Amino acid sequence: MDNPLIERMRVYGETIFAEMTRLATETGSVNLGQGFPDTDGPRPLLEAASRNILEGVNQYPPGPGRPELRRAVSRYRSRHYGIDLDPDTEVYITVGATAGIAAALLALVEQGDEVIVFEPMYDSYAAMVTLAGGVRRPVTLRPDPATGRFVFDPDELRAAVGPRTRMVLVNSPHNPTGTVFTAQELEEIAAVCREHDLIAFTDEVYEFLTFDGRPHVPLATLPGMRERTVSVSSVGKMFAVTGWKTGWVMGPEPLVTAVRTVNQFLTFSANGALQLAIADAIDNEGEWVAAQRAALQGKRDRLAAGLAETGFEVGVSEGTYFVMADIRPLGYTSGVDIARALPREAGVAAVPAQVFYDREKEGEHLLRFAFCKRDEVLDEAVARLTAWHHRAS
């Protein structure tokens, strides 16, 4: 039988995260590739989930999600950002943010519609735009020579808009660059959306993981954006339980209803026992989140300093789990080749940033490293990389 996969998805194979994690396992490497913590979330959250399971919360929850969690999400968006959401019609629970992204793109993008994406981009964006039949229009984030943070050119953003443009997809805090868009940068995006009557889709899963006092500003808070913005976030990054795969889609009723219409035929519902535990934690574990943010800021500094001492040029990370590192000062040009060699040669796994770009040349010299690991793990990775570089020099 010829390849049975539909033609437009044949360019997608095993994800780079799966490949690098497999290489890390095979070689006994320190895995700084995939972005998952190696410590658990708050104990009361874990205990509540276990208690809910043992007490019988094991059948289908309501399709839109447990009302307790929808109300908790509504409360935190109001508390932190002044965004008031009707928990019954403007909050919808999904199997992780990735399912929310998939359902939103399938629901809101018609065949041939164009979606503006900021590259480098989380890999599910490209795949889901393709699956929806849409066309990506990339706007590239590049390091600002003055600050080291990755930024976009507003003129390039405006030039990306065409007659078939339907949506702008915004990820802030941004994976993989670590950029947290400023209010001014968000206003540039908002102005384009307002002028061209575009839907904004915002991925805000790292909303509580910003560093150095930088605020996270939801695009929906800007003038004229509440009614055209659908947003996604999740418990995975908020409480360091990435395997729980529980997220939420938020926005005006027409957009959320569209997502719900599609998602009911994809996953229908998410784990109810976890939803109840998450609702309690959102209301009661704010101090844990603040402590986690502070700890991650320290880990960012620890890994960035170690990579710089090894010889990498390290970008500025303002949030998320990640730093970007330029391999050219070490004498290399292909991030893909180095990422595949490092597990065997150095005992460390990273992700080549090139896979996050449509314009692959833009990111071919970059690696993404995750710092959401214990300090001793980060130190071991740096020691291995330093030894590798010395051997190769």
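The following paragraphs examine the structure supplied in this document. Note that the structure is predicted; figures quoted are calculated from it, not measured. For every chain, the first residue of its written sequence is number 1, and the numbers climb from 1 along that sequence. Restriction of local features to residues with pLDDT of at least 70 applies here, the model being predicted, together with a cutoff of 80 or more for giving and counting side-chain atom pairs; totals for whole chains, interfaces and linings are based on all residues. Processing note: side-chain calculations cover all non-hydrogen atoms of the structure and skip hydrogens and water entirely.

Any two of the Phe, Tyr and Trp rings considered here, Trp counted by its six-membered ring, make a pair once their centres fall within 6.5 Å; the pair's planes then place it as stacked at under 30 degrees, edge-to-face at over 60, or tilted in between. Here the structure, examined in full by the defined rule, presents 14 aromatic pairs. Measuring from ring centre to ring centre gives 5.6 Å for Phe-118 and Phe-181, while their planes differ by 65°; the resulting arrangement is edge-to-face. Note that Phe-118 is positioned in strand 3 (residues 114–119) and Phe-181 in the loop between strand 7 (165–171) and helix 7 (183–196), a separation of 63 residues in sequence. When the ring of Tyr-122 is compared with that of Tyr-125, the centres are 5.7 Å apart and the planes differ by 80°; the resulting orientation is edge-to-face. Counting every residue linked through ring pairs, the aromatic cluster contains Tyr-76, Phe-208 and Trp-248. Across the ring face of Phe-322, the terminal group of Arg-368 is positioned such that the distance to the ring centre comes to 3.7 Å. Sitting over the ring of Phe-36, Lys-373 keeps its end group 3.7 Å from the ring centre. By definition, any uninterrupted DSSP run of H or I lasting at least four residues is a helix, any uninterrupted run of E lasting at least two residues is a strand, and each is numbered from the N terminus. Note on geometry: a ring has a charge over it if NZ (lysine) or CZ (arginine) is within 6 Å of the ring centre and within 35 degrees of the ring normal.

Burial classification: accessible surface area is computed with a 1.4 Å probe over protein chains only, and a residue below 20% of its type maximum counts as buried, one above 50% as exposed, and the rest as partly exposed. Summarising burial for strand 9 (residues 229–234): 6 of the 6 residues are buried, a large majority. Burial of the side chains of strand 9 extends over both faces: Thr-229, Ser-231 and Ser-233 are buried on one face and Val-230, Val-232 and Ser-234 on the other. In this structure, strand 9 lies alongside strand 10 (residues 247–250), joined through 4 bridges in antiparallel fashion. Looking at the pairing, Val-232 lines up with Val-249 of strand 10. Strand pairing is assigned whenever DSSP identifies at least 2 bridges connecting the two strands.

With a 1 Å grid spanning the protein atoms alone, the term cavity applies to any set of points in which a 1.4 Å probe fits but cannot get out, the term pocket to an open set with protein on both sides within 12 Å along at least five of seven lines, and the term lining residue to any residue with an atom within 4 Å of a point. Grid points are joined across faces, edges and corners, and a volume is the space filled by probe spheres set on the points. Summed over the entire model, instances satisfying the criterion amount to 2 cavities of 30 Å³ or more. Within this model, the largest cavity holds a volume of roughly 50 Å³. Lining the largest cavity, in full, are Arg-77, Ile-83, Leu-85, Ala-220, Arg-226, Thr-229, Ser-231, Met-250 and Gly-251. Each residue receives one of three labels: charged for Asp, Glu, Lys and Arg, nonpolar for Ala, Val, Leu, Ile, Met, Phe, Trp, Tyr, Cys and Pro, and polar for the others, Gly being one of them. For the lining of the largest cavity, a count of residues per class yields 4 nonpolar, 3 polar and 2 charged. There is about 40 Å³ of room inside the second largest cavity. Around the second largest cavity, the lining residues are Val-170, Asn-171, Ser-172, Leu-186, Thr-202, Asp-203, Glu-204, His-216, Val-217, Pro-218 and Leu-219. When residues of the lining of the second largest cavity are traced back to their parent elements, those giving at least two are strand 7 and strand 8 (199–203). The residue inventory of the lining of the second largest cavity, partitioned by class, reads 5 nonpolar, 4 polar and 2 charged.

Quick look at the environment of Gly-213 now. The residue Gly-213 is located in the loop between strand 8 and strand 9 in this model. Along the primary structure Gly-213 and Asp-358 are separated by 145 residues, whereas in three dimensions their C-alpha atoms are 32 Å apart.

Turning next to the pattern of salt bridges. Here, a salt bridge means any side-chain nitrogen of Lys or Arg that lies within 4 Å of a carboxyl oxygen of Asp or Glu. Enumeration over the complete set of coordinates arrives at 33 salt bridges. Among the ionic pairs, Asp-379 bridges to Arg-302, the shortest N-O distance being 2.8 Å. Here the residue Asp-379 occupies a position in helix 13 (residues 375–392), and Arg-302 occupies one in helix 11 (residues 286–310), the gap between them amounting to 77 residues. On the accessibility criterion, Asp-379 (35% relative accessible area) is partly exposed. In this structure, the salt-bridge partner of Arg-384 is Glu-380, at a minimum N-O distance of 2.8 Å.

Time to look at helix 10 (residues 272–284). To estimate the expected span of a helix, count its residues, drop one, and scale the result by 1.5 Å. In this model helix 10 runs 19 Å from its N-terminal to its C-terminal C-alpha over 13 residues, within 8% of the 18 Å that 1.5 Å per residue would give. Of all 13 residues in helix 10, 10 are buried, a share of seventy percent or more. For helix 10, the full list of buried residues reads Gly-272, Ala-273, Leu-274, Gln-275, Leu-276, Ala-277, Ile-278, Ala-279, Ala-281 and Ile-282. Here the buried face of helix 10 lies against helix 2 (43–54), helix 3 (67–81), strand 2 (91–94), helix 8 (235–238) and strand 10. The contact criterion used is simple: two residues touch if any of their non-hydrogen atoms lie within 4.5 Å.

This part is about the nonpolar core. Grouped together as the largest cluster of nonpolar side chains are 92 residues, with contacts concentrated most on Phe-118, Ile-189, Phe-312 and Phe-369. Broken down by element, this core gets its largest block of residues, 7 residues, from helix 4 (residues 96–108). Once residues within four sequence positions are removed from consideration, Phe-369 is found in contact with Leu-32, Leu-303, Leu-307, Phe-312, Tyr-321, Phe-322, Val-323, Ala-325, Val-348, Ala-350 and Leu-385. Residues belong to one nonpolar core when they are buried, are Ala, Val, Leu, Ile, Met, Phe, Trp, Tyr or Cys, and are joined through side-chain atoms within 4.5 Å.

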